[in-house]
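# Examining the three-dimensional arrangement
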Amino acid sequence: MEEFPQPIPQRGCFNTIRMLLALKVMLFHAIWHLEINIDSDVRDTLFPIKATPVFFMISGFLIWGSLGRSKDFYEYLKKRFWRIYPELWC
(Lines give C-alpha, C1' and ligand atoms only; values in the text may rest on other atoms or scores of the structure.)
Protein backbone atom coordinates (compact mmCIF):
# COMPACT_ATOMS: atom_id res chain seq x y z
CA MET A 1 0.00 0.00 0.00
CA GLU A 2 1.31 3.42 -0.98
CA GLU A 3 1.89 5.90 1.81
CA PHE A 4 0.95 9.51 1.32
CA PRO A 5 3.50 12.14 2.31
CA GLN A 6 2.79 13.77 5.62
CA PRO A 7 2.11 17.50 5.59
CA ILE A 8 4.88 19.73 6.86
CA PRO A 9 3.85 21.17 10.23
CA GLN A 10 3.41 24.92 10.09
CA ARG A 11 3.33 27.48 12.84
CA GLY A 12 0.12 29.39 12.39
CA CYS A 13 -1.47 30.22 9.08
CA PHE A 14 0.38 33.37 8.03
CA ASN A 15 0.86 32.16 4.45
CA THR A 16 -2.87 31.49 4.10
CA ILE A 17 -3.75 34.91 5.49
CA ARG A 18 -1.22 36.60 3.21
CA MET A 19 -2.60 34.73 0.20
CA LEU A 20 -6.18 35.78 1.04
CA LEU A 21 -5.09 39.39 1.49
CA ALA A 22 -3.25 39.33 -1.86
CA LEU A 23 -6.36 37.91 -3.55
CA LYS A 24 -8.45 40.64 -1.96
CA VAL A 25 -6.11 43.32 -3.28
CA MET A 26 -6.13 41.71 -6.73
CA LEU A 27 -9.95 41.59 -6.77
CA PHE A 28 -10.20 45.20 -5.64
CA HIS A 29 -7.78 46.35 -8.34
CA ALA A 30 -9.61 44.34 -11.00
CA ILE A 31 -12.91 45.98 -10.03
CA TRP A 32 -11.24 49.40 -10.00
CA HIS A 33 -9.39 49.13 -13.32
CA LEU A 34 -12.25 47.41 -15.16
CA GLU A 35 -14.55 50.15 -13.86
CA ILE A 36 -17.12 47.70 -12.54
CA ASN A 37 -19.86 49.50 -10.65
CA ILE A 38 -20.90 47.68 -7.51
CA ASP A 39 -23.30 48.76 -4.81
CA SER A 40 -21.73 50.35 -1.73
CA ASP A 41 -23.27 47.68 0.54
CA VAL A 42 -21.69 44.92 -1.54
CA ARG A 43 -18.37 46.80 -1.60
CA ASP A 44 -18.41 47.22 2.18
CA THR A 45 -19.20 43.52 2.58
CA LEU A 46 -16.40 42.43 0.23
CA PHE A 47 -13.83 44.93 1.49
CA PRO A 48 -14.51 45.59 5.20
CA ILE A 49 -10.83 46.15 6.03
CA LYS A 50 -7.86 47.53 4.13
CA ALA A 51 -5.70 44.58 3.11
CA THR A 52 -2.42 46.40 2.49
CA PRO A 53 -1.73 47.53 6.09
CA VAL A 54 -2.56 44.07 7.43
CA PHE A 55 -0.35 42.47 4.77
CA PHE A 56 2.59 44.73 5.71
CA MET A 57 2.01 44.10 9.43
CA ILE A 58 2.16 40.32 8.98
CA SER A 59 5.20 40.58 6.68
CA GLY A 60 6.98 42.78 9.23
CA PHE A 61 6.23 40.26 11.96
CA LEU A 62 7.69 37.44 9.84
CA ILE A 63 10.77 39.49 8.90
CA TRP A 64 11.41 40.27 12.57
CA GLY A 65 11.32 36.53 13.32
CA SER A 66 13.77 35.87 10.48
CA LEU A 67 16.12 38.50 11.90
CA GLY A 68 15.92 36.82 15.30
CA ARG A 69 16.84 33.41 13.84
CA SER A 70 19.91 34.75 12.01
CA LYS A 71 23.27 34.52 13.74
CA ASP A 72 24.20 38.08 12.75
CA PHE A 73 22.91 40.99 10.69
CA TYR A 74 25.16 40.15 7.71
CA GLU A 75 23.65 36.66 7.44
CA TYR A 76 20.17 38.18 7.64
CA LEU A 77 20.95 40.64 4.82
CA LYS A 78 22.42 37.86 2.70
CA LYS A 79 19.29 35.72 3.17
CA ARG A 80 17.00 38.67 2.32
CA PHE A 81 19.09 39.48 -0.77
CA TRP A 82 18.88 35.92 -2.12
CA ARG A 83 15.19 35.76 -1.27
CA ILE A 84 14.23 38.99 -3.08
CA TYR A 85 16.84 39.71 -5.78
CA PRO A 86 16.24 36.69 -8.09
CA GLU A 87 12.52 37.48 -8.25
CA LEU A 88 13.23 41.12 -9.07
CA TRP A 89 15.63 40.06 -11.83
CA CYS A 90 13.03 37.80 -13.46
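Structure report, in brief. Counting of residues starts from 1 at the beginning of each chain's written sequence and follows it residue by residue. Under the rules for a predicted model, residues below a pLDDT of 70 receive no local features and side-chain atom pairs below 80 are neither given nor counted, while totals for whole chains, interfaces and linings still include all residues. Each side-chain value is derived from all of the structure's non-hydrogen atoms; neither hydrogens nor water enter the calculation.

### Comments concerning the overall build of the protein chain
Our working definition: Runs of E in the DSSP output that reach at least two residues are strands. Runs of H or I that reach at least four are helices, and both are numbered from the N terminus. Remark: exposure states derive from per-residue accessible area (1.4 Å probe, protein chains only) relative to the maximum for the residue type, with buried under 20%, exposed over 50%, and partly exposed in between. Per-residue accessibility takes into account occlusion by the displayed protein chains alone, with areas from the Shrake-Rupley method and a 1.4 Å probe.
Secondary structure summary: the protein chain contains 4 helices and 0 strands in total. Secondary structure of the protein chain in N-to-C order comes out as α-α-α-α. Burial analysis of the protein chain (90 residues in total) assigns 11% to the buried set. In the structure as shown, the protein chain presents an accessible area of about 8500 Å², 67% of it carried by carbon and sulfur atoms.

### Details of the packing of aromatic side chains
The condition that has to hold: Between 30 and 60 degrees the pair is tilted, below 30 it is stacked and above 60 it is edge-to-face, where a pair is any two Phe, Tyr or Trp rings, Trp via its six-membered ring, whose centres lie within 6.5 Å.
Under the counting rule described, the total for this entry stands at 5 aromatic pairs. Between Phe81 and Tyr85, the ring centres sit 4.9 Å apart and the planes meet at 10°, which makes this aromatic pair stacked. Here the residue Phe81 and the residue Tyr85 both occupy positions in helix 4 (residues 73–89), the gap between them amounting to 4 residues, near one helical turn. A residue is classified by how much of its surface remains accessible, and Tyr85, at 36% relative accessible area, is partly exposed. Members of the aromatic cluster, connected to one another through ring pairs, are Phe81, Trp82 and Tyr85.

### Comments concerning the side chain of Ser66
Rules: The contact rule is simple, with two residues in contact once any of their heavy atoms fall within 4.5 Å.
Positionally, Ser66 belongs in helix 3 (residues 51–69). Overall, Ser66 belongs to the buried group, its relative accessible area being 13%. Excluding anything up to four places from it in sequence, Ser66 contacts Tyr76 and Lys79.

### A few points about a nonpolar patch on the surface
The test is simple: Patch definition: residues with relative accessible area over 30% and no salt bridge; like charges joined within 9 Å; nonpolar side chains (Val, Leu, Ile, Met, Phe, Trp, Tyr) joined within 5 Å. Each salt bridge in this description consists of a side-chain nitrogen of Lys or Arg and a carboxyl oxygen of Asp or Glu lying within 4 Å of one another.
Nonpolar side chains collect at one region of the surface, where Met19, Leu20, Leu23 and Met26 lie side by side and expose about 410 Å² of accessible area between them. Locating Leu23 in the fold gives a position in helix 1 (residues 14–33). In this structure Leu23 comes out as partly exposed when scored by relative accessible area, which is 42%.

### Quick look at the packing of helix 1 against helix 3
For any two helices packed against each other, one specifies the inter-axial angle together with the distance between the axes. Short version of the rule: The angle between two axes is taken between their N-to-C directions and runs from 0 to 180 degrees, where each axis is a line fitted to C-alpha atoms and a helix contributes only its stretch in contact. By definition in this entry, angles of less than 35 degrees are roughly parallel, angles greater than 145 are roughly antiparallel, angles of 65 to 115 are roughly perpendicular, and the rest are oblique. Handedness of a crossing follows from how the near helix is turned relative to the far one, being left-handed for an anticlockwise turn of less than a right angle and right-handed for a clockwise one. Each residue is assigned to one of three groups, with Ala, Val, Leu, Ile, Met, Phe, Trp, Tyr, Cys and Pro labelled nonpolar, Asp, Glu, Lys and Arg labelled charged, and all others, Gly among them, labelled polar.
Across the interface, helix 1 lies against helix 3 with an axial gap of 9 Å and an inter-helix angle of 150°. Accordingly, the angle class assigned to the pair helix 1 and helix 3 is roughly antiparallel. With respect to the hand of their crossing, helix 1 and helix 3 are arranged in left-handed fashion. Taken together, the residues of helix 3 that come into contact with helix 1 (itself represented by Phe14, Ile17, Arg18, Leu21, Lys24 and Val25) are Ala51, Thr52, Val54, Phe55, Ile58, Ser59, Phe61 and Leu62. Classifying every residue of the contact of helix 1 with helix 3 by side-chain character gives 10 nonpolar, 2 polar and 2 charged.

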